[in-house]
Every structure is written in C-alpha cells, then in structure tokens.
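Overview (structure and organization)
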Amino acid sequence: MIELEFSEQIAALRATFDDIRSVIDIDRLRTDIADLNEQAGAPDLWDDSDHAQKVTSQLSHRQSELARIVSIESRLDDLEVLVELANAEGDQESADEATTELASITKVLGDLEVHTLLNGEFDVRPAVITIRSGAGGVDAADFAEMLLRMYLRWAEQHNYPVQVLDVGYAEEAGIKSATIQVDAPYAFGTLSVEAGTHRLVRMSPFNSAGKRQTSFAAVEVVPLIEQTESIEVPENDIRVDVFRSSGPGGQSVNTTDSAVRITHLPTGTVVSCQNEKSQIQNRAAAMRVLQSRLLLLQREQEAATKKELAGVITASWGDQMRSYVLAPYQMVKDLRTNYEVNNPGQVFDGDLDGFIAAGIRWRKQAPQG
C-alpha cells in the first residue's frame, strides 16, 4: 500500500510560489513583453545593432521569466494529481515520479525565490568583474587565473555572453589581473556577492620543498552603466596610455599600439582594455568600465555618508569572504554564509550557484546601517 504524505510540502511550495508571484508582478511582466515585442517588430530595429541586441535580450529574458512562472503553476497542479493517482491505485511508478517532481519543483522555486531578492538599483545590469592577485607571489597569480577560469566556466554553463576586456599576465605563471564583462540580465545582482577577498590554501606547485602555501586574490564586481547614462569625467582628470597588447610570456598578439590604459587621477582608478583591434574601440570600452566603477564608488560614498550620519558604521564584507582549501583537506567555505562544499575541483570548474544563492540570501538578511 502506497501512501504519499506530500500535502504539507505542496502547501508550503504553493505559499512560496504565491509570494514570488506577488513580487514579480505578472501583469507588469506581460505589459513589458508586449512593449518589447512592439519594439522588436520595428522595421528599423537593426539600424542600431546595440539597441536591437538589448531589446531582443530583454524580451527573451522576460518571456523566459513568464514561461517559468506559468510552468511552475502547471507543475504544482500536475503534482497533486500524480500524488492522488499514486495513493489511489498504489502505483509505485507514479509515486517515484511524484517524489522526483517534488524535489525538482522545490529546487526551481528556490532558485526563483533567490532571483526575486535581486531588486537593488543596479541588480538588473550586466556585470564587470576584475580579478587581482594579492599576497602570495606566484601562487597568488596562479590563483587569480584559477578564479578567472572559474567565472568564465560559470558564465559558459549559463549560456551568458562574456567578453575578456583585459588580462595582465604575471612573469612566471598566472595573471596579475583580468577584467571580464558578463552580458546578461541581473548579472551584477547575481555576481555582486562574489566581490571580496578570496583565499587559497594548498601545497604549492611552485615550491620545491612542497610546503603549504596561502595566497590571496581580490574580486571586484561593478554594474555596467547604460550608454545613455553619463558620469562626467573631465579630460584633465584622466591619463590615457596606449600600448601593444600582449599574451603570456610577452608574446605580441597585436602589431599596433591598440591597447588602452586609462588612469582616473583623483581616485587612482585604473582601467585597461585590449580585446578590440582598434585603439578607439578599446578607449570607448575602457571609458565605459571606468564610468561604471566611478558610478558605483559614488553610490558607496553616498551610502557611507548616510551610515555615518545615522551613527551606524558596519562592515558587511570581511577581509576574507571565501576560503578554498586543497590541503590538508578538501573544502571550499564561504565565511559569511557558512555555505561549504567538499569538492573544490567542481567549484573551480564553475559550480558556483550554491555559493551565489547563499550569498544573495545572506545579503538580504544582513543588518542594514
């Protein structure tokens, strides 16, 4: 006799689903889709390819979001029928299917619930990630390259377009720094929880004595500003240097001085771009990243001022936000959320969703100054 007792779990899922629906606002979503469909149908849409790509990307994202909501509601209805069938007929196959579907819907709703927490001012934007090697010498440079690959693999697994804007290679191995752009809706809101200091503990492959080595890398995440927005950057506030882009070991990958480095003199912010063939294109891309960083810096300064006026100054991110331990045991642990896994290789291969979801939930629950 089969007796599935899923009524409480299904009721809880429906309650979560109702909360999500109220946050997402289905009517607004349908209105957005109708408006974007109209824009996408304009005969002159592709006269401006950047605008066209933005419209089609937003339309695809909104349509997927609506389809996911409709699908979950239908799947919850079907699950209840499946449970009734399994209990009424004692059908083991239906019982197994219901158990699997319950787990699947629970995961999908959990992911969607995390998505609804991304309601910050810039959360919907694409993201610009900069990785810099820190203390630890060649191990730190190698660690920075491992993190670069990790984020590229994560984006690849989600089919998110990525541009590598700049890579500064270290002399012996690894990289000094790298900047990548993830062009996907809510990329900044999703990846912003990755910002902070990452620590690696392992038996160093660069140490002949085979000693355990601790090294560090910093990850910065900023939202990519809209091209229509403007943050004024006076020409006398910047220094522009051009140089020949190069690969590892100093190999030239371009025979002209097309790479561009822009230094914002008042803040010391430095941005490089060398992925485009044209110096003009590299300068434009670098300026956009610089404006994005300055915009976020401005917002952070405003927030800090508000906290100071309120008499509450709290550091929401510690000096080390995540540890990757390869020796003497295997573990990756987020020090803010306490989320951890025992398979570092899988994490370095791009399996970050668990850490990101835990980080987003943590950020929402963290005390606000």
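Scroll up to find the structure.
The rules behind the values
- Residues numbered from 1 in each chain as written.
- Predicted model: local features only at pLDDT ≥ 70, side-chain atom pairs only at ≥ 80, totals over all residues.
- Heavy atoms only, no water.
- Pairing = 2+ DSSP bridges.
- Helix = DSSP H or I, 4+ residues; strand = E, 2+ residues; numbered from the N terminus.
- Expected span 1.5 Å × (residues − 1).
- Buried < 20%, exposed > 50% of the residue type's maximum accessible area, 1.4 Å probe, protein only.
- Arc of directions from axis to C-beta.
- Contact = heavy atoms within 4.5 Å.
- Axes fitted to C-alpha atoms, helices over the stretch in contact; angles between N-to-C directions.
- Salt bridge = Lys/Arg side-chain N within 4 Å of Asp/Glu carboxyl O.
- Parallel < 35°, antiparallel > 145°, perpendicular 65-115°, else oblique.
- Left-handed = near helix turned anticlockwise from the far one by under 90°.
- Patch = residues over 30% accessible without salt bridge, like charges linked within 9 Å, V, L, I, M, F, W, Y side chains within 5 Å.
- Areas by Shrake-Rupley, 256 points an atom, 1.4 Å probe, with all protein chains shown as cover.
- Lys, Arg positive; Asp, Glu negative; His and termini not counted.
- Charge placed at Lys NZ, Arg CZ, Asp CG, Glu CD.

**A word on the sheet that holds strand S1 (residues 127-133)**
Strand order across the open sheet formed by eight strands is S2-S3-S1-S5-S4-S9-S10-S11, with mixed pairing between neighbours. Both outer strands of the open sheet, strand S2 (162-169) and strand S11 (340-341), are each paired with one neighbouring strand and no more. As defined by bridge partners, strand S4 (residues 196-203) adjoins strand S9 (residues 322-325) across four bridges and the pair is classed as parallel. Paired with Arg199 across the strands is Ser323, a residue of S9.

**Some thoughts on helix H2 (residues 26-40)**
In this model H2 runs 21 Å from its N-terminal to its C-terminal C-alpha over 15 residues, within 8% of the 21 Å that 1.5 Å per residue would give. Within H2 the residues assigned to the buried category are Ile26, Leu29, Ile33 and Leu36. One side of H2 holds all its buried residues, which, seen down the axis, span an arc of 85°. With respect to the buried face of H2, the exposed residues turned more than 90 degrees away are Asp27, Thr31 and Glu38. Buried-residue contacts for H2 involve helix H1 (7-24) and helix H3 (49-89).

**With respect to the sheet that holds strand S7 (residues 259-264)**
Here three strands make up an open sheet; going across it, the order is S6-S7-S8 and the pairing antiparallel. Lying at the two open borders of the sheet, with one neighbouring strand each, are strand S6 (238-243) and strand S8 (269-273). For this sheet, the mean angle separating the axes of adjacent strands, direction not counted, is 15°. Of the pairings in the sheet, the one linking S6 to S7 comprises six bridges and is antiparallel in character. Of the residues in S7, the one forming a bridge with Val242 is Val260.

**A few points about the pattern of salt bridges**
Where charged atoms from two side chains of opposite charge come close, those side chains can pair. With the rule as written, the count across this model stands at 20 salt bridges. In this structure, Asp111 engages Lys107 in a salt bridge whose closest nitrogen and oxygen atoms are separated by 3.0 Å. Pair noted here: Asp111 and Lys107 are both in helix H4 (residues 92-116), with a separation of four residues, about one helical turn.

**A closer look at the pairing of S7**
When you tally the buried positions in S7, you get five out of six residues, the bulk of the element. As defined by bridge partners, S7 adjoins S8 across five bridges and the pair is classed as antiparallel. Residue pairing across strands places Ile262 opposite Val271, the latter belonging to S8. What sits between the antiparallel neighbours S7 and S8 is a turn of four residues, in which Gly268 has the positive phi angle 80°.

**Topic: the packing of H1 against H4**
It is the contact of H1 with H4, at a shortest axis distance of 10 Å, that shows an interaxial angle of 30°. The orientation of H1 relative to H4 falls into the category roughly parallel. Like other packed secondary-structure pairs, H1 and H4 cross with a definite hand, here left-handed. Touching Gln9, Ile10, Leu13, Thr16, Phe17, Ile20, Val23 and Ile24 of H1 are Leu102, Ile105, Thr106, Leu109, Leu112, Glu113 and Thr116, all from H4.

**A closer look at unusual backbone geometry**
Omega for the bond connecting Ala327 with Pro328 falls within 30 degrees of zero, at 10°, which places this linkage in the cis form. Residue placement: Pro328 occurs in the loop between S9 and strand S10 (331-334). We note that Asn159 has phi near 60°; this positive angle belongs to a residue other than glycine. The topology assignment puts Asn159 in the loop between helix H5 (137-157) and S2.

**Describing a negative patch on the surface**
Taken together, Asp44, Asp47, Asp48 and Asp50 make up a surface patch of like negative charges. Assignment of secondary structure puts Asp50 in helix H3. With relative accessibility at 47%, the residue Asp50 sits in the partly exposed group.

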